[in-house]
Amino acid sequence: MKIQEADAKSLMLAQGLPVPPWEVARTPDEVRAAAQQFFAHGAAKVVVKAQVLVGGRGKAGGVKLASSQEEAAEIGARILGMDIKGITVRKVLVTTAAEIVREYYLGAIIDRASRRVVLMASAEGGVEIEEVARLNPGAIHRVEAEPMLGLLAFQARSLGLAIGLRDPLLNQFVAIAQGLFATMKANDADLVEVNPLAVVAETVGGEPQAKLVCLDAKITIDDSGLPRHRELEPLRDLDEEDPADAKARKLGINFIHLDGSIGCMVNGAGLAMTTMDLVNHYGGEPANFLDVGGGARRETVRGAMELILADPKVSAILVNIFGGITRGDEVAAGLIEARAQQVREVPMVVRIVGTNAAEAARLLQEARFETAVSLDEAAEKAVALAKGAAR
Ligand code: GDP
Ligand code: MN
């Protein structure tokens, strides 16, 4: 689950990371009011930033500076409602504009190969890190956190040294890197990223002073960790969730869109993978991975069928159910109901074995469904149906 910058900043702040204060605004008037607060506290300029769950907002014109509350309101009016990479901006973040001296990149991810949290840093911050990785991979430095001990100070220090930081900024960097690790751990995040991590010029008691601050924040929460964090569920931005994903989540279905033409409806992740492999084996391409889960009811089956059919590329459907807690007759009933409502004719082959398979077979035969006994037969038929439909 991706969360907005403002929410990511709250989670970072909770771990003691240096994040300048901000306000979220949904109307130009709210932008003006927020800006007024920051100007009253001595800000020379404020930044107005689009809150959308995509990167590169700066380049897209979604991050702008303002020198007065009027200007802030005008910029707010321009950014609110703007389209950034297909997403409509509904809210903005308003904050004091920092005087940026230099921009760094700092991120924490889970590296599945080493099965560790990896901290990555680069002196080439501000720009998209994927670009840096492509053009100049040597500019990205990494350290692996210790699984039992976390990110140790000496590791963070070596990372800071690698990107050219020296004291007193190096000490600040160590605390920030450890804070990033703490943020990741506290929230079961699989990505925590600060880009730019900026050196800003501040005046303390008339003396200029350099300080490291987190000017941007990006966090994705591991979906599998969410049940342990009820408090994070409200951070899900329903405005930006893909409608198909939202529907699958509500139905309790695991649904992943793929590029092929054969829609698959299966119960169990392992069986779903095997089914996709067999579709491939017989020369077809699956259009999706779909696991209806254990004990699926007819409503779930109906919803799953709608998800599959919503993809215009689907030209044949393969249903493969191994009944355990799932009852075959319940699935068959769901399929019959789904077909009655179906707006688009798509050929389908159904294989149902296990619990109540005989009852399912009777229902399907009465409703004149194309069925198969073995998975091989089902996959072969589905591929043939898809090819027939393509012709
Ligand atoms: P992104 O483009 O979506 O990653 O959004 P960012 O929050 O990273 O903002 C993009 C760029 O805007 C940053 O790299 C900075 O150069 C600039 N920016 C963001 N916040 C400030 C700020 O407080 N002061 C100044 N001067 N520039 C800022
Ligand atoms: Mn950024």
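Just so we're clear, the structure is a prediction, and the values are computed from it rather than from any experiment.

Undergrad: Any chance you could explain the environment of Val-346 here in plain terms?
TA: Along the chain, the position of Val-346 falls in the loop between helix H10 (328–341) and strand S18 (348–354). Taking relative accessible area as the criterion, Val-346 reaches 6% and is therefore assigned buried. Along the sequence, Val-346 and Ala-316 sit 30 residues apart, while their C-alpha atoms lie 5.6 Å from each other.

Undergrad: I'm lost on the coordination of the manganese ion (ligand 2) in this one. Help?
TA: The coordination sphere of the manganese ion (ligand 2), as far as protein atoms go, consists of Asn-195 (O) and Asp-216 (OD), spread over 2.1 to 2.2 Å. Here Asn-195, found in strand S11 (residues 189–204), pairs with Asp-216, found in the loop between strand S12 (207–214) and strand S13 (218–221); they are 21 residues apart in sequence, far enough to count as distant. For the pair shown, Asn-195 and Asp-216 are each scored as buried.

Undergrad: Honestly, the domain arrangement of the protein chain in this entry has me stumped. Any pointers?
TA: Accessible area lost upon the coming together of the parts is a frequently used measure of interface size. The domain architecture assigned to the protein chain consists of domain 1 (1–19 + 99–241), domain 2 (21–97) and domain 3 (242–390). Taking the mean C-alpha position of each, domain 1 and domain 3 sit 42 Å from one another. Viewed at the interface, domain 3 and domain 1 are joined by 1 salt bridge. The closest approach of N and O atoms between Glu-241 and Arg-249, which form a salt bridge, is 2.8 Å. Counting across the interface, domain 1 meets domain 3 through 2 residue pairs in polar contact (both at pLDDT 80 or more).

Undergrad: Sorry, what's going on with the side chain of Asn-288 here?
TA: Following the sequence through the fold, Asn-288 ends up in strand S16 (residues 288–291). A polar contact of 2.9 Å, which involves the side chain of Asn-288, links it to the backbone oxygen of Cys-264. Every residue in contact with Asn-288, bar those within four places of it in the chain, is listed here: Phe-255, Ile-256, Leu-258, Ile-262, Gly-263, Cys-264, Met-276 and Ile-308.

Undergrad: Would you explain the sheet that holds strand S4 (residues 63–66) in this entry?
TA: Backbone-to-backbone hydrogen bonds pair the strands of a sheet. The strands run either parallel or antiparallel. The strand order across the open sheet formed by 4 strands is S2-S7-S3-S4, and the pairing between neighbours is antiparallel. Each having just a single partner strand, strand S2 (22–25) and S4 make up the two edges of the open sheet. Adjacent strand axes in the sheet meet at a mean angle of 25°, parallel and antiparallel pairs treated alike. Pairing between strand S3 (residues 46–50) and S4: 4 bridges, direction antiparallel. If you follow Val-47 over to S4, its bridge partner there is Leu-65. Along the sheet, helix H2 (residues 28–40) contacts S2, S3, S4 and strand S7 (92–96); its crossing angle with S7, the most-contacted strand, is approximately 15°.

Rules used throughout
Residues numbered from 1 in each chain as written. Chains lettered and ligands numbered in written order. Predicted model: local features only at pLDDT ≥ 70, side-chain atom pairs only at ≥ 80, totals over all residues. Heavy atoms only, no water. Helix = DSSP H or I, 4+ residues; strand = E, 2+ residues; numbered from the N terminus. Buried < 20%, exposed > 50% of the residue type's maximum accessible area, 1.4 Å probe, protein only. Donors = N, O, S within 2.8 Å, 3.2 Å for Na, K, Ca; no water. Domains from an automatic or database assignment. Salt bridge = Lys/Arg side-chain N within 4 Å of Asp/Glu carboxyl O. Polar contact = N/O pair within 3.5 Å; in protein donor to acceptor, adjacent residues only side chain to side chain. Contact = heavy atoms within 4.5 Å. Pairing = 2+ DSSP bridges. Axes fitted to C-alpha atoms, helices over the stretch in contact; angles between N-to-C directions.

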